[in-house]
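One-letter residues, chain by chain:
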Amino acid sequence: IMPSLVGSEMCIRDSYPIGYVRWTENRNMQSFIDLLSHNRLDIACLISHTIKFEDSLEAYDMILSKNEKFSGIILQYDKDQKPKRTISNSEKIYDSDNVNLGLVGAGSFAQAYLLPHLKDKVNFIGIATGSGNTAKYVGDKYKFEYLTDNADDIIEDEKINTILIATRNHLHAPYILKSFSNYKNVFVEKPMAINKKQLDELHSLYYKSNFQKQLMIGFNRRFAPSITKMISELPIDQKMSIIIRVNNTEIPLAHWTNDPDEGGGRIISDACHFIDLSMFLAKSDITSVSAESIQDVDNLNNTVVVNLKFQNGSVASINYFSNGNKNLSKEYIEVYCDGTVAILDDFKTLTLYGKKKNKIKYKTQDKGHNNCLNAFIDSIRKGDSTPMTFKEIYLSSLATLKINESIIE
C-alpha cells in the first residue's frame with residue numbers, strides 16, 4: 001500500500017522547471033508507472049499479498065498487527081464492475097418552470113463562486129464529477145438528489161432542465177453540444193470553446209437546431225455593480241477608448257491551463273473575460289483583432305497586448321500580463337468617452353471624471369458572479385430572452401481565438 005503522493009509538497013516540487021530539478025516526486029512516479037506499463041520493470045517478487053478491495057481492512061490489520069510477514073500488498077479492484085451512481089429514494093416531481101439543476105464538474109471555482117450563489121434559488125438534482133470524494137462532499141453540502149460519475153446521466157435526465165458545466169476547458173464544448181441535443185438550458189463557465197473546430201460545431205448546431213433554451217457563459221464582469229454604474233455615467237451612443245490592464249503572476253508550466261489540448265492556454269482560459277467586457281462596454285461588435293506577446297521562459301504566450309476595433313469606431317487595448325506582482329491590484333479599467341473618464345480599480349473603487357470628480361468606494365469586491373447567475377435564473381423562470389445573445393458569446397469567443405492566431409503570425 002503506497003502513501004499518497006498528492007500533497008502540497010509534491011505540487012511545489014513539481015513546479016520547478018525541469019532544467020533545474022530533473023526528478024521531482026511526481027516525475028519519478030510518472031517514470032515508474034511508464035516503465036511498468038511497458039513491462040520494463042518486474043516487481044512480482046515484491047508482491048507478498050493480493051487482497052480484494054472490499055476486503056482491504058484485512059491489509060491494514062496485517063500491517064498493524066505485525067504478526068504476518070509482508071512486503072508489497074496489492075488491493076485488487078473489480079475492473080468489470082461499473083460504479084453505480086448513488087441515488088436517493090426521493091421521487092420528487094419538479095415544476096419545469098423552476099431551475100432544476102444538474103452539475104457537471106465541481107472543482108474549486110464552482111464551489112467558491114457558483115454554488116454558494118445558487119443555494120435556495122434552484123433545485124439541486126444531480127451531480128457528476130470525476131472524484132468520488134468531491135461528489136460526496138458537494139452533494140451532501142447542497143443536498144443533491146443523486147451523485148454519478150457519468151455526465152451523460154445528468155444531461156439525459158428528464159427531471160433536469162438546466163445544466164451547469166464547470167469542468168476543465170476542453171470538455172465545455174462537447175457537453176454544451178450534448179446539452180443542446182437534449183434541449184437543456186446551459187450555464188457554462190468560460191471559455192465556451194478552446195479551438196475553432198469546437199466553436200464552429202457549436203455555431204452550426206445552435207442555428208441548425210433552432211435552439212430555444214437559454215445559453216449563458218460565465219462572463220460575470222459585465223454584471224458587476226461597478227460596471228453597471230460606470231455605464232450609467234458615460235455618454236450614450238458615443239465612441240469609447242478603453243484600456244484594461246490585468247496584473248497576473250506566473251503559473252507552473254505543468255498546470256492544466258497551459259496545456260493547449262486541455263486548458264487552451266491562459267488567454268483562452270482567462271483573458272476572454274476582458275474581450276467580452278470590452279465589447280459590452282463599447283456596445284458594438286468586434287471587427288478586428290491584433291496582438292503581440294512576450295514569450296516567457298517556458299515559451300508560453302501568457303503576457304499579451306491586445307488591440308480591438310469595434311463596428312461603431314470604438315477601440316480597446318487589453319494588456320494581459322502574467323509576469324506581474326501580487327502586491328499590485330489585479331484589474332484596472334479606464335474608459336474615455338466624449339469628455340467623460342471612468343476609472344475602475346480592481347472592482348473596489350470607481351472614479352468618475354465629468355463635470356466634477358466623483359469617487360465611489362465599494363464595501364466588497366464584487367465581480368458580478370451573483371448578478372450573472374441571477375440574470376440567468378430569472379430568464380429561465382420568466383421565459384425571457386437570454387441575458388447575453390449567442391451572437392455576443394460567439395463573437396467574443398472568436399475574437400479570443402483570433403488573439404492566438406495573431407500572435408503566431
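Refer to the structure printed above.
Summarised in this report is the structure supplied together with it. (Residues numbered from 1 in each chain as written. Predicted model: local features only at pLDDT ≥ 70, side-chain atom pairs only at ≥ 80, totals over all residues. Heavy atoms only, no water.)

A short note on the overall build of the protein chain
Summing up its helical and strand segments, the protein chain has 12 helices and 17 strands in all. The proportion of buried residues among the 409 residues of the protein chain is 44%. Sequence separation of at least 24 residues holds for 64% of the intrachain contacts in the protein chain that already meet a minimum separation of 6. (Helix = DSSP H or I, 4+ residues; strand = E, 2+ residues; numbered from the N terminus. Buried < 20%, exposed > 50% of the residue type's maximum accessible area, 1.4 Å probe, protein only. Contact = heavy atoms within 4.5 Å.)

Remarks on the pattern of salt bridges
The final tally for this structure, using the stated rule, is 13 salt bridges. Salt-bridge contacts for Lys391 lead to Asp285; the nearest nitrogen and oxygen are separated by 3.0 Å. With Lys391 in helix α12 (residues 390-408) and Asp285 in the loop between α10 (266-282) and β11 (286-294), the pair connects residues that are 106 residues apart, well separated along the chain. With relative accessibility at 46%, the residue Lys391 sits in the partly exposed group. On the accessibility criterion, Asp285 (23% relative accessible area) is partly exposed. Among the salt bridges present, the one from Lys367 reaches Glu331, with a minimum N-O distance of 3.1 Å. One end of the pair, Lys367, is in the loop between β17 (357-361) and α11 (369-382); the other, Glu331, is in strand β14 (residues 331-337), with 36 residues separating them in the sequence. The same class applies to Lys367 as to Glu331, namely buried. When salt bridges that share partners are traced, they join Arg221, Glu331 and Lys367 into one network. (Salt bridge = Lys/Arg side-chain N within 4 Å of Asp/Glu carboxyl O.)

Focus: the nonpolar core
One finds Ile176, Met192, Leu215, Ile227, Met230, Leu281 and Ile333 to be the most contacted residues of the largest nonpolar core, which totals 100 residues. With 10 residues, the single largest contributor to this core is α10. For Met230, the contacting residues outside a window of four places in its chain are Leu281, Ile333, Val335, Ala342, Leu344 and Leu350. (Core = buried A, V, L, I, M, F, W, Y, C linked by side-chain atoms within 4.5 Å.)

Comments concerning a negative patch on the surface
The grouping of Glu54, Asp55, Glu58, Asp61 and Asp78 at the surface amounts to a negative patch. Tracing the backbone shows Asp61 in helix α3 (residues 56-65). A residue is classified by how much of its surface remains accessible, and Asp61, at 48% relative accessible area, is partly exposed. (Patch = residues over 30% accessible without salt bridge, like charges linked within 9 Å, V, L, I, M, F, W, Y side chains within 5 Å. Areas by Shrake-Rupley, 256 points an atom, 1.4 Å probe, with all protein chains shown as cover. Lys, Arg positive; Asp, Glu negative; His and termini not counted. Charge placed at Lys NZ, Arg CZ, Asp CG, Glu CD.)

With respect to the packing of helix α4 (residues 108-118) against helix α5 (residues 132-142)
In the contact formed by α4 and α5, the axes pass within 12 Å of each other and the chain directions differ by 30°. By the angle class used here, α4 and α5 are roughly parallel. Crossing geometry of α4 relative to α5 is assigned as right-handed. Along the contact surface, α4 presents Gln111, Leu115 and Pro116, while α5 presents Thr134, Tyr137, Val138 and Tyr142. Of the residues that constitute the contact of α4 with α5, the class distribution is five nonpolar, two polar and no charged. (Axes fitted to C-alpha atoms, helices over the stretch in contact; angles between N-to-C directions. Parallel < 35°, antiparallel > 145°, perpendicular 65-115°, else oblique. Left-handed = near helix turned anticlockwise from the far one by under 90°. Nonpolar A, V, L, I, M, F, W, Y, C, P; charged D, E, K, R; others polar.)

Remarks on the packing of aromatic side chains
Evaluated as defined, the whole model comprises 11 aromatic pairs. Their ring planes at 50° and their centres at 4.9 Å tell us that Phe124 and Phe144 sit as a pair that is tilted. With a gap of 20 residues between them, Phe124 in strand β5 (residues 123-128) and Phe144 in the loop between α5 and β6 (146-148) connect regions that are remote in the sequence. For the residue pair Phe124 and Phe144, the accessibility class agrees, reading buried in each case. (Phe/Tyr/Trp six-rings, centres within 6.5 Å; stacked < 30°, edge-to-face > 60°.)

A closer look at the layout of surface pockets
Within this model, the largest pocket holds a volume of roughly 1300 Å³. Lining the largest pocket are 45 residues; nearest its centre among them are Ser108, Phe109, Glu189, Lys190 and Trp256. Among the secondary structure elements, those contributing two or more residues to the lining of the largest pocket are α4, α7 (172-181), α10 and α11. With five residues, the top contributor of residues to the lining of the largest pocket is α4. A breakdown of the residues in the lining of the largest pocket according to their chemical character gives 13 nonpolar, 22 polar and 10 charged. (1 Å grid on protein atoms, 1.4 Å probe; cavity = no way out; pocket = protein on both sides within 12 Å on 5 of 7 lines; lining within 4 Å. Points joined across faces, edges and corners; volume = space filled by probe spheres on them.)

A look at a nonpolar patch on the surface
A cluster of nonpolar side chains, Leu41, Ile43 and Leu46, forms an exposed patch at the surface whose accessible area comes to about 230 Å². Inspection of the secondary structure assignment puts Leu46 in the loop between α2 (25-37) and β1 (47-52).

Let's talk about α7
Counting buried positions along α7 yields seven of 10 residues, so the element is predominantly enclosed. Where α7 is concerned, the buried positions are His172, Ala173, Tyr175, Ile176, Leu177, Ser179 and Phe180. Among the structural elements, β4 (100-104), α6 (151-155), β7 (162-165), β8 (185-188), α8 (196-208) and β9 (215-217) are those in contact with the buried residues of α7. Count one or two residues on from α7 and you reach Tyr183, which has phi positive near 55°.

Digging into α8
Relative to the 18 Å expected for 13 residues at 1.5 Å per residue, α8 spans 18 Å between its end C-alpha atoms, a close match to the ideal helical length. Among the residues making up α8, those that are buried are Gln198, Leu199, Leu202 and Tyr206. All buried residues of α8 fall inside an arc of 100° around its axis, so they share one side. Looking at α8, the residues exposed on the side facing more than 90 degrees away from the buried face are Lys197 and Lys208. (Expected span 1.5 Å × (residues − 1). Arc of directions from axis to C-beta.)

Quick look at unusual backbone geometry
The residue after Lys190, namely Pro191, is reached through a cis peptide bond having omega 0°. Positioned with a positive phi, Tyr183 is a non-glycine residue whose angle comes to about 55°. By secondary structure assignment, the location of Tyr183 is in the loop between α7 and β8. Take Tyr183: its relative accessible area is 47%, and that puts it in the partly exposed class. You will see that Lys283, though not glycine, has its phi angle at about 55°, which is positive. Structurally, Lys283 can be placed in the loop between α10 and β11.

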